[in-house]
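Each chain, written out:
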Amino acid sequence: MDGSREATGPIPISHAPVSPPAIRAGGNVRWVICALLFFATTINYIDRQVIGILKPTLQSELGWTEIDYGMIVFWFQAAYAIGLLACGPVIDRVGSKLGYTAAITLWSFAALFHALVRSPSGFANARFALGLGEAANFPAAIKSVAEWFPKKERALAAGILNAGANVGAIATPIVVPVIAINYGWQAAFIVTGMLGFIWLAAWLAFYRAPERHPRLSAQELAYIRADQDDEVGAAPIPWRKLFGHRGTWAFVTAKFLTDPVWYLFLFWLPDFFAKRHGLDLKTFGPPLIAVYLLADIGSIGGGWLSSALIKRGFGVNAGRKLALLASAILVLPIMFASTVSSLTAAVAIIGLAAAAHQGWSSNLYTMVSDTFPKSSVASVMGIGGAAGAIGGMIMARYVGQVLETIGSYTPVFVWAGGAYLVALLIVHLLVPNLDRVAALRSDDAGSR
């Protein structure tokens, strides 16, 4: 390397999108790992979405105001932000296996704790603990993808694991109302909270780093490592140094502006269908399922789109940003979601936006592994996720105040519709060429 360059300056490197043609996959262990990440994300979203499904019931039985509920969501987001800032560097050092183990243990116990509380402050405490644990999911998952997949497959793998969020969001309105109606809302928290411990047993039994996995063939390992030579031996970058790179700020800004839209879906969509279209615990399941089925398609489709463009000769920069642009455009119609009178039209508009958000996220996550070495992926993911959670905190207070004062979701959806194009513009201004974003190396970390 040119020793005269500034530590925060870009390094002109080439991210070759295609592995040497002579190397074949030679196995599918990496996809089993991807399946585990998918199910962890599914459980993660089931546990966080239960309270949104039960919001009308809990408000009726426990007497919460809109501001009470907004504050409960606020404290989940606050803990999520704190957890993301703390967990990234920890996971980069202890590894995905141990990091995931600690995280899912904490969030599963926190999910169970919801069944024991009644007051808004009790739920706020339970949500705070849940947020701390759940914060580690995506940093650990994307780090695992960076370890287990070549660059040309990462967006697809990220899209698949990210689809777990939608499957969780689909499963929750199916399972939770049945449990709550027959056994009470407390049972819904208990049953869903136990899922994490089942997953944990499978994770501990199967997961290993690629170099130490007994079922991974030498051929599949070579395939995984074929386009990762520039990442081998990179040490974790000091957390403070990451803020000197434009790639970090691009990810942080995009997450801050767009993550609150997804939190809006998770925590307020059942309430929107209840208020605007008269649905209840027994009837809003099908519309929610339709929204998240579309989101599933968008998650995998968005990852597939950029991967397909890269395989067809587009650069990493063009492939990722074209997919991000397509997603940003498809979100725009959500501005009209609260003005249409038809439930079908509202579901279609919101479902399209949910699909676009997930396609956006699949590519945004993959940008991190494109532009930073594996040793720093979880740290950057944590910083960006914390920014998204802070945006979610602001959103929680904003939505609660809007609903308490004017009782309409219209201003919220208008804001949501424009967030993605603004975010993409800022991303492009900060990193006009992803192929030349600084890919930090171990010598950058030498001053730790």
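Residues numbered from 1 in each chain as written. Predicted model: local features only at pLDDT ≥ 70, side-chain atom pairs only at ≥ 80, totals over all residues. Heavy atoms only, no water.

*Asks:* Would you mind going over the overall build of the protein chain with me for this structure?
*Replies:* Within the protein chain, the regular secondary structure consists of 16 helices and 0 strands. Within the span of the protein chain, comprising 448 residues, buried residues form 61% of the whole. (Helix = DSSP H or I, 4+ residues; strand = E, 2+ residues; numbered from the N terminus. Buried < 20%, exposed > 50% of the residue type's maximum accessible area, 1.4 Å probe, protein only.)

*Asks:* So what exactly am I meant to see when it comes to the environment of Trp268 here?
*Replies:* Note that Trp268 resides in helix α11 (residues 246-277). With a relative accessible area of 1%, Trp268 lands in the buried category. Along the sequence, Trp268 and Ile51 sit 217 residues apart, while their C-alpha atoms lie 9.8 Å from each other. Ignoring any residue separated from it by four or fewer positions in sequence, one finds Trp268 in contact with Lys55, Tyr69, Gly70, Val73, Tyr263, Met395, Ala396, Val399, Leu403 and Tyr409. (Contact = heavy atoms within 4.5 Å.)

*Asks:* Please clarify how the side chain of Glu220 should be interpreted in this entry.
*Replies:* With respect to the helices and strands, Glu220 occurs in helix α9 (residues 218-225). For Glu220, a relative accessible area of 1% translates into the label buried. In terms of polar contacts, Glu220 uses its side chain to reach the backbone amide nitrogen of Val29, at 3.1 Å. (Polar contact = N/O pair within 3.5 Å; in protein donor to acceptor, adjacent residues only side chain to side chain.)

*Asks:* Would you explain helix α1 (residues 29-53) in this entry?
*Replies:* Structurally, the α-helix is built with 3.6 residues per turn, so residues lying three or four positions apart point the same way. The end-to-end C-alpha separation of α1 is 36 Å, in line with the 36 Å expected for 25 residues at 1.5 Å each. Taking burial as the measure, the 25 residues of α1 include 21 buried ones, the bulk of the element. (Expected span 1.5 Å × (residues − 1).)

*Asks:* Explanation requested: a nonpolar patch on the surface in the structure shown.
*Replies:* The grouping of Phe314, Leu322, Leu325, Ile329 and Leu421 at the surface amounts to a nonpolar patch, some 390 Å² of accessible area in total. It is helix α13 (residues 316-331) that contributes the most residues to the nonpolar patch, 3 residues altogether. For Leu421, the location among the structural elements is in helix α16 (residues 410-430). (Patch = residues over 30% accessible without salt bridge, like charges linked within 9 Å, V, L, I, M, F, W, Y side chains within 5 Å. Areas by Shrake-Rupley, 256 points an atom, 1.4 Å probe, with all protein chains shown as cover. Salt bridge = Lys/Arg side-chain N within 4 Å of Asp/Glu carboxyl O.)

*Asks:* Before we go on, may I ask you to explain the packing of aromatic side chains in this structure?
*Replies:* What characterises a pair of aromatic rings is the spacing of the ring centres plus the angle enclosed by the ring planes. Counted under the stated rule, the structure contains 29 aromatic pairs. Taking the centre distance of 6.3 Å and the plane angle of 85° together, the rings of Tyr80 and Tyr263 count as edge-to-face. You can see Tyr80 sitting in helix α3 (residues 66-94) and its partner Tyr263 sitting in helix α11, a full 183 residues away along the chain. With a relative accessible area of 4%, Tyr80 lands in the buried category. Ring geometry for Trp199 versus Trp203: centroids 5.0 Å apart, planes at 20°, classification stacked. In this pair, Trp199 and Trp203 are both assigned in helix α8 (residues 185-206), 4 residues apart and thus about one turn of the helix distant. Its relative accessible area of 0% is what places Trp203 among the buried residues. Clustering of aromatic rings is evident, with ring pairs tying together Tyr45, Phe138, Trp262, Phe265, Tyr292 and Tyr365. The ring of Tyr45 carries the charged tip of Arg48 above its face, separated from the ring centre by 4.2 Å. (Phe/Tyr/Trp six-rings, centres within 6.5 Å; stacked < 30°, edge-to-face > 60°. Lys NZ or Arg CZ within 6 Å of the ring centre and 35° of its normal.)

*Asks:* How should the environment of Gly133 be read in this particular structure?
*Replies:* Position of Gly133 among the secondary structure elements: in helix α5 (residues 120-134). Sequence separation between Gly133 and Ala79 is 54 residues; the distance between their C-alpha atoms is 8.7 Å. What Gly133 contacts, discounting residues up to four positions off in sequence, is Ala103, Leu106 and Trp107.

*Asks:* Quick question: what am I supposed to make of the pattern of salt bridges here?
*Replies:* If the charged atoms of two oppositely charged side chains come close together, the side chains can form a pair. Applying the stated criterion across every chain yields a total of 9 salt bridges. For Glu211, the salt bridge identified is with Arg225, shortest N-O distance 2.4 Å. One end of the pair, Glu211, is in the loop between α8 and α9; the other, Arg225, is in helix α9, with 14 residues separating them in the sequence. Among the ionic contacts, a cluster of salt bridges with common partners joins Lys55, Glu66, Asp271 and Lys275.

*Asks:* Can you walk me through the packing of α13 against helix α14 (residues 343-371) in this structure?
*Replies:* Angle between the axes and distance between the axes: these two values describe a pair of packed helices. Across the interface, α13 lies against α14 with an axial gap of 8 Å and an inter-helix angle of 155°. Classed by the angle they form, the pair α13 and α14 counts as roughly antiparallel. Remark: the crossing between α13 and α14 carries left-handed chirality. Across the interface between the two elements, Val316, Arg320, Ala323, Leu324, Ser327, Ala328, Leu330 and Val331 of α13 pack against Leu352, Ala353, Ala356, His357, Gly359, Trp360, Asn363, Leu364, Thr366, Met367 and Asp370 of α14. Here the residues of the contact of α13 with α14 are counted per class, giving 12 nonpolar, 5 polar and 2 charged. (Axes fitted to C-alpha atoms, helices over the stretch in contact; angles between N-to-C directions. Parallel < 35°, antiparallel > 145°, perpendicular 65-115°, else oblique. Left-handed = near helix turned anticlockwise from the far one by under 90°. Nonpolar A, V, L, I, M, F, W, Y, C, P; charged D, E, K, R; others polar.)

*Asks:* Is there a simple way to explain the confidence of the model for the protein chain in this structure?
*Replies:* Close inspection of predicted coordinates is inappropriate in any region flagged by low pLDDT. Residues with a pLDDT of 70 or more make up 89% of the protein chain, whose mean pLDDT is 84. The lowest-confidence element of the protein chain is helix α10 (residues 239-242), averaging 79 in pLDDT; the highest-confidence one is α16, averaging 95. Segment residues 1-22 is flagged for pLDDT under 50; beyond a separation of four residues in sequence, or across chains, it makes 35 contacts in the model. Counting contacts from residues 436-448, a segment whose pLDDT is below 50, to residues more than four positions away or on other chains yields 44 contacts. (pLDDT = per-residue confidence, 0-100.)

*Asks:* How do you make sense of α8 when you look at a structure like this?
*Replies:* Here α8 is 22 residues long and its end C-alpha atoms lie 34 Å apart, about the 32 Å a rise of 1.5 Å per residue gives. Among all positions of α8, only Trp185, Ala187, Ala188, Phe189, Thr192, Gly193, Gly196, Trp199, Leu200, Trp203 and Phe206 are buried. On its buried face, α8 sits against α1, α2 (55-62), α4 (96-113), α5, α6 (137-148) and α7 (151-183).

*Asks:* Help me understand the environment of Pro238, please; the structure alone is not making it clear to me.
*Replies:* With respect to the helices, strands and loops of the structure, Pro238 is situated in the loop between α9 and α10. In sequence terms Pro238 and Ser379 are 141 residues apart; their C-alpha atoms lie 9.2 Å from each other.

*Asks:* Just to check I follow, could you spell out the side chain of Thr172 for this structure?
*Replies:* Position of Thr172 relative to the elements: it lies in helix α7. When sequence neighbours within four positions are dropped, the list of residues in contact with Thr172 reads Tyr45, Ile46, Gln49, Val50, Ile53 and Pro177.

*Asks:* Sorry if this is basic, but what is going on with the packing of helix α12 (residues 285-311) against α13 here?
*Replies:* Running from N to C, α12 and α13 cross one another at 150°; their axes reach a closest spacing of 8 Å. In terms of orientation, α12 lies roughly antiparallel with respect to α13. Here α12 and α13 pass one another in a crossing that is right-handed. Residues Gly302, Leu305, Ser306, Ser307, Leu309 and Ile310 of α12 lie in contact with α13, whose contacting residues are Val316, Gly319, Arg320, Leu322 and Ala323.

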